[in-house]
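Architecture at a glance
As a plain string of letters, each chain reads:
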Amino acid sequence: MNDEKMITRREALKKMGAVAAGIGLGIGGVNAADVLGLSEKEHRKMKVLAINGSSRKNGNTADMLNLVLGELEKEGYETEHIQLAGNTINPCKACFACAGKKNCVFGDDIFQELYRKMTEADAIILGSSTYSADVSSTLKAVIERASVVSDTNPGMFRHKAGGAVVVARRAGAMNAIDTINHFFLNKEMYVVGSTYWNIAYGRLPGEAMKDDEAVANMKNLGQNIAWLLNRIK
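Model, not experiment: these values are computed from the prediction. (Residues numbered from 1 in each chain as written. Predicted model: local features only at pLDDT ≥ 70, side-chain atom pairs only at ≥ 80, totals over all residues. Heavy atoms only, no water.)

1. Some words on the pattern of salt bridges
Any two side chains of opposite charge can pair, on the condition that their charged atoms come close. With the rule as written, the count across this model stands at 9 salt bridges. Between arginine 145 and aspartate 109 there is a salt bridge; the shortest N-O distance is 2.7 Å. Of the two residues, arginine 145 is situated in helix H6 (residues 137-152) and aspartate 109 in the loop between strand S2 (78-83) and helix H5 (111-120); the sequence distance between them amounts to 36 residues. Residue arginine 145 shares its accessibility class with aspartate 109, and that shared class is buried. With a shortest N-O distance of 2.3 Å, arginine 116 and glutamate 113 are connected by a salt bridge. Taken together, the residues arginine 116 and glutamate 113, both in helix H5 and 3 residues apart, mark about one turn of the helix. What makes arginine 116 partly exposed here is its relative accessible area of 31%. (Salt bridge = Lys/Arg side-chain N within 4 Å of Asp/Glu carboxyl O. Helix = DSSP H or I, 4+ residues; strand = E, 2+ residues; numbered from the N terminus. Buried < 20%, exposed > 50% of the residue type's maximum accessible area, 1.4 Å probe, protein only.)

Below is the structure:
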């Protein structure tokens, strides 16, 4: 450990005493994390956001994302699963009015709220079933608009963790994985992998859960994301 960051036992006790005194005397503005020198990430619960781009709610893609999130919840991370089914995400207008505003200026769909949640998360998992050998048009609109907003407001996704989850009936899944991972890489994010590609196969609801390799792979992905978050917090 760097000597500059090390503190003696006596110094640590003095800081802990200052916190206790402030709380006991009811002194406003005393923050334990500030006194102890902890960063914001070290004293708040880290957040993981999963966005399900499938047009079917609670289908195979949702099942796979829930497997990933389940492993993260076991490690104490706060999770949220947003399903885009039933919502329309309008395409980017390429007006660049978002420059300096840190969000899209158009509020006629759910994108503004979705983007806010993305920027607040420490890890983002994007999931989609496969449509025409790519992600769904709804998730693609999210990716395109988020790309432009973050391009005109650099660094909004820097050093977040990212994971891709894709479900296919037969083919096209690798293209969808690439679409998601290209977004992560272009936004300075850490891309987390698993023992194989994060792909499951199934058509009807529940079929992907019968893909034993995919189930194990998704659980491992969740464990790997937790491992990374534990080291970058």
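2. Re the packing of aromatic side chains
Across all of its chains, the model carries 4 aromatic pairs by this definition. Here the aromatic rings of phenylalanine 157 and phenylalanine 183 are separated by 5.7 Å at their centres, their planes lie at 70°, and the arrangement is edge-to-face. Of the two residues, phenylalanine 157 is situated in the loop between H6 and strand S4 (161-168) and phenylalanine 183 in helix H7 (residues 173-186); the sequence distance between them amounts to 26 residues. Residue phenylalanine 157 shares its accessibility class with phenylalanine 183, and that shared class is buried. Of the aromatic side chains, those joined through ring pairs into one cluster are Phe111, Tyr115, Phe157, Phe183 and Phe184. (Phe/Tyr/Trp six-rings, centres within 6.5 Å; stacked < 30°, edge-to-face > 60°.)

3. Re unusual backbone geometry
Most peptide bonds take the trans configuration, and most residues that are not glycine carry a negative phi. For lysine 102, which is not glycine, the phi torsion reads 65° and is therefore positive. Position of lysine 102 among the secondary structure elements: in the loop between S2 and H5. Within the chain, alanine 133 stands out as a residue other than glycine whose phi angle is a positive 60°. Here alanine 133 shows up in the loop between strand S3 (123-129) and H6.

4. Considerations on the state of the cysteines
Enumeration according to the criterion identifies 0 disulfides in this entry. Cysteine 98 carries a free sulfur, and the closest cysteine sulfur to it, the one in cysteine 95, is 6.3 Å from it. Since its relative accessible area comes to 6%, cysteine 98 is described here as buried. The thiol of cysteine 104 is unpaired, and the distance to the nearest cysteine sulfur, on cysteine 98, comes to 6.5 Å. Residue class for cysteine 104 comes out buried when judged on its relative accessible area of 13%. (Disulfide = S-S within 2.5 Å.)

In short, geometric facts, not functional conclusions.
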